[in-house]
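# Structure assessment
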Amino acid sequence: MSIQEAKEYRLRTYQRGDEKDLILLFNKVYEHFAGFVPRTLEYWRWCILSRPGLSEEGIVVALDAGRVLGYAAVERSGNILEFCYDSSCDGKAIVSKLLEWCLRYTESYQGANSITLNAPVQDNTIRRVCKELGFTEEPFPSLFLRVLDLPYILRKIIKQQKKVEKGLNEAILVTLKKFPSWCAKHVAILVQDGEVTISTEKLEHPTVKIDADISTISLCIFGTKRTICKAIFAGSLKIRPLRKIPKAVKILSWFQLRNPRWFIPGADYG
Amino acid sequence: MSEASEYEIRALAKKDRAKFMKLLNDSFKMSDEFLAWKYNSNPSFDQSLVVVAVNRGQVVGGASWLPRSLKISKSLSVRAALGADLAVDRNHRGRGLAKPLIASENTVLENKNIIMSYGLIDPKLVEHVHGPLIGLVEVHTSTTVYKKYLNLSEIRKKVVDMNRIAQSDKEIKKKLEEFDMNVLFRLRGVPLFTIRMSFEEICLEENNLKDADLKVECDLTPSELFKSKRKTLALFKALLTRKIRIKGSLRDAIKLYSLSELLRILFV
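Conventions used here
- Residues numbered from 1 in each chain as written.
- Chains lettered and ligands numbered in written order.
- Predicted model: local features only at pLDDT ≥ 70, side-chain atom pairs only at ≥ 80, totals over all residues.
- Helix = DSSP H or I, 4+ residues; strand = E, 2+ residues; numbered from the N terminus.
- Buried ≥ 20, exposed ≤ 12 C-beta atoms within 10 Å, placed from the backbone.
- Contact = placed C-beta atoms within 7 Å.
- Rg over C-alpha atoms; globule rule 2.2 N^0.38 Å.
- Domains from an automatic or database assignment.
- Nonpolar A, V, L, I, M, F, W, Y, C, P; charged D, E, K, R; others polar.
- Pairing = 2+ DSSP bridges.
- Axes fitted to C-alpha atoms, helices over the stretch in contact; angles between N-to-C directions.
- Parallel < 35°, antiparallel > 145°, perpendicular 65-115°, else oblique.
- Left-handed = near helix turned anticlockwise from the far one by under 90°.
- pLDDT = per-residue confidence, 0-100.
- Core = buried A, V, L, I, M, F, W, Y, C linked by C-beta atoms within 7 Å.

### Notes on the overall build of chain A
When helices and strands are counted, chain A shows 9 helices and 12 strands. With the principal axes as the frame, chain A shows a C-alpha extent of 70 × 40 × 35 Å. The burial tally for chain A puts 41% of its 270 residues in the buried class. Of the contacts formed within chain A by residues at least 6 apart in sequence, a portion of 67% connects residues at least 24 apart.

Following this line, the structure appears as structure tokens:
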């Protein structure tokens, strides 16, 4: 065990003025996840501090020499609304201390029947500690989403896309088969030597025509390259002329969010 | 004429606010304090993102959305709306009222500069209720829920559900005719408990190690047990790898397996 691992972290309950450090840590830990709702002072004070069922004594902070390394906000009912720690330190020790504290705190209330914590699936430190503390794992409810402004989202994605190839010139017309009344029926994707333009005009002479419904397009955005190929084989994404399929798949893959990891903390719903 | 047309679906007006809160209070047992926090003191609450169904001057249904900035990938944020509450008064349920309330998302979120809507929805409801929401797709999440039961209150509720199903399902009822068994469960994250299964009743007892005919120990999480499409295969695999251990007579174990659909309630 290294000296760092053997360190004893100090735990104390929330004190006025902690919120800035807690928000900073939360935003640092979770900002790379899809589903992240940025914490501002106003949002955090409303979402955590003024939430009925959660008192200031239910917020525990882990410190090392005055530096905030983790915290947990737990309701009296046992629902851990926010839980985060600095993984660059001894994560296991911090997570263990925080979770053990949450357990003791929840058990001290007669009304609590269980304690629950939402965590990213990939976080093996939390998984290991939860297993050691006798937690079981339950499935997270199904997350559904709906794109309301397709051209806007496509523009936003392409603006950040680094894989746009130069030397590719296509005029793609996407025609939505099933679409909400307020949504444009056509989306034009003009690719000209590394420049991509999105509009809602109906192209007169497209080089590629794509017919799909908005669900298929949304699944392509939030899925993987395989999703596009699967949609083509299933017939829900029709690309004409057929010889243009490889190029169209390549262009469509630029609009993919590369399998984002969705993490929804307990505080952000319910 | 559909029954839903007896109702006027419109944006929440100031005069409806208290009635809408009462509806949520009755439907979800949300306290006044909680509702005041969730709506009135929410810094991003927008009253125009609430719709109500009105019948003879009474608010009998409602749906609400909460706007927020949402990350949809590592580096991309959009303005989104979380589908928050959907409630229908118990006397007006079963009349197709939820559908138009949900469909109002199309008009409510229009011109609000909202790019996406999202929510946690029971997939069973999507087909029947969320049909009008064209483009609604399920995405894979990387969120998991760790849970530890501190007492048997939640298991007790599950046993009530088991009894209800046992009484209404003829096949299960028939299988239970020959049953009189005490099964001790040692599940991960749950205090030790025994279930007494008989034709008259399924009841739960704490501990009761002595009278158990069968002991079931399980290290698997419910999602590990039931995520597989081939549940029987997953069960046998778990038995072979000793992630599920059953102590008792083989005859009793087979009898218990015949009620696996009923026992599933305990695990999810």
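### Some words on the overall build of chain B
Along its length, chain B carries 11 helices and 12 strands. Radius of gyration (C-alpha) of chain B: 23 Å, far over the 18 Å computed for a compact globule of 268 residues. Along the longest, intermediate and shortest principal axes, the C-alpha atoms of chain B span 65 × 50 × 35 Å. Each of the 268 residues in chain B was classed as buried or not, and the buried ones make up 32%. Considering only intrachain contacts with a sequence separation of at least 6, the fraction spanning at least 24 residues in chain B is 64%.

### Here's the deal with the domain arrangement of chain A
The assigned domain composition of chain A is domain 1 (3-138) and domain 2 (150-254). The distance between the C-alpha centroids of domain 1 of chain A and domain 2 of chain A comes to 42 Å.

### What to know about the interface of chain B and chain A
How big an interface is tends to be stated in terms of the accessible area lost upon association of its parts. Tallying the contact residues gives 57 residues for chain B and 68 residues for chain A. A total of 7 residues in the side of chain B that touches chain A trace back to one element, the largest contributor, which is strand S7 (residues 143-149) of chain B. Here the side of chain B that touches chain A is composed, by residue class, of 28 nonpolar, 19 polar and 10 charged. Alignment of strand S7 (residues 143-147) of chain A against strand S6 (residues 136-139) of chain B, held across 4 bridges, turns out to be antiparallel. Bridge pairing in S6(B) places Phe144(A) opposite Glu138(B).

### Observations concerning the domain arrangement of chain B
Taken domain by domain, chain B comprises domain 1 (3-129) and domain 2 (153-267). Here domain 1 of chain B and domain 2 of chain B have C-alpha centroids that lie 38 Å from each other.

### Focus: the sheet that holds strand S8 (residues 169-176) of chain A
All names here are of chain A. The strand order across the open sheet formed by 5 strands is S10-S9-S8-S11-S12, and the pairing between neighbours is mixed. Of all strands in the sheet, those with a lone pairing partner are strand S10 (195-199) and strand S12 (237-240), marking the two edges. In this sheet, neighbouring strand axes are inclined to one another by 15° on average, regardless of whether the strands run parallel or antiparallel. Two strands pair when backbone bridges link them, and strand S11 (residues 208-212) and S12 are joined in this way by 4 bridges, in the antiparallel orientation. Looking at the pairing, Ile210 lines up with Ile239 of S12.

### So, the environment of Ala65(A)
All names here are of chain A. Residue placement: Ala65 occurs in the loop between strand S2 (59-64) and strand S3 (67-74). Using a count of 8 C-beta atoms within 10 Å as the deciding quantity, one classes Ala65 as exposed. For the pair Ala65 and Arg104, spaced 39 residues apart in sequence, the C-alpha to C-alpha distance is 24 Å.

### Quick look at the sheet that holds S7(A)
Pairing within the open sheet is mixed, and its 7 strands lie in the order S1(B)-S2(B)-S3(B)-S4(B)-S5(B)-S7(A)-S6(B). Whereas interior strands pair on both sides, the edge strands pair on one side only; in this sheet they are strand S1 (8-11) and S6 of chain B. On average, each strand axis in the sheet is tilted by 25° relative to the strand beside it, whichever way the strands run. Two elements, S7(A) and strand S5 (residues 116-120) of chain B, share 5 bridges in a ladder whose sense is antiparallel. Among the inter-strand pairings, Val147(A) is bridged to a residue of S5(B), identified as Met116(B).

### A closer look at unusual backbone geometry
For the bond from Arg240(A) to Pro241(A), the omega torsion is -5°, close enough to zero to count as cis. With respect to the helices and strands, Pro241(A) occurs in the loop between S12 and helix H9 (245-254). Phi is positive for Arg56(B), which is not a glycine, with a value near 50°. Considering the arrangement of structural elements, one finds Arg56(B) in the loop between strand S2 (50-55) and strand S3 (58-71). Positive phi is not limited to glycine here, since Asn113(B) has a value of about 65°. Structurally, the position occupied by Asn113(B) is in the loop between helix H4 (105-108) and S5. The class of Asn113(B) is exposed, set by 12 C-beta atoms lying within 10 Å.

### Describing the environment of Arg146(A)
Structurally, Arg146(A) is set in strand S7. Those residues in contact with Arg146(A), other than ones at most four positions away along the chain, are Met116(B), Ser117(B), Leu133(B), Gly135(B) and Leu136(B).

### Some remarks on the pairing of S5(B)
With 3 bridges joining them, strand S4 (residues 77-88) of chain B and S5(B) adopt parallel strand pairing. By the bridge assignment for S5(B), Ala80(B) is matched with Met116(B).

### Remarks on the packing of helix H7 (residues 214-222) of chain A against helix H8 (residues 225-234) of chain A
Residue and element names in this part refer to chain A. Contact pair H7 / H8: the axes reach a minimum separation of 7 Å and the direction vectors enclose 150°. The orientation of H7 relative to H8 falls into the category roughly antiparallel. In the crossing of H7 with H8, the sense of the turn from one axis to the other is right-handed. From H7, Thr216, Leu219 and Cys220 reach across to H8, where they touch Thr227, Ile228 and Ala231.

### Observations concerning the confidence of the model for chain A
Looking at chain A, pLDDT values average 91 and 97% of them are 70 or higher. Here residues 1-6 of chain A is modelled with pLDDT under 50, and outside its nearest four sequence neighbours on either side it reaches 4 contacts, counting other chains as well.

### Focus: the nonpolar core
One finds Ile172(A), Val174(A), Ile189(A), Ile210(A) and Ala81(B) to be the most contacted residues of the largest nonpolar core, which totals 82 residues. In this structure Val174(A) touches His186(A), Val187(A), Ile189(A), Ile210(A) and Ala212(A), once residues within four positions along its chain are discounted. Within the second largest apolar cluster, 38 residues are counted, among which are Leu69(A), Leu81(A), Leu99(A) and Cys130(A).

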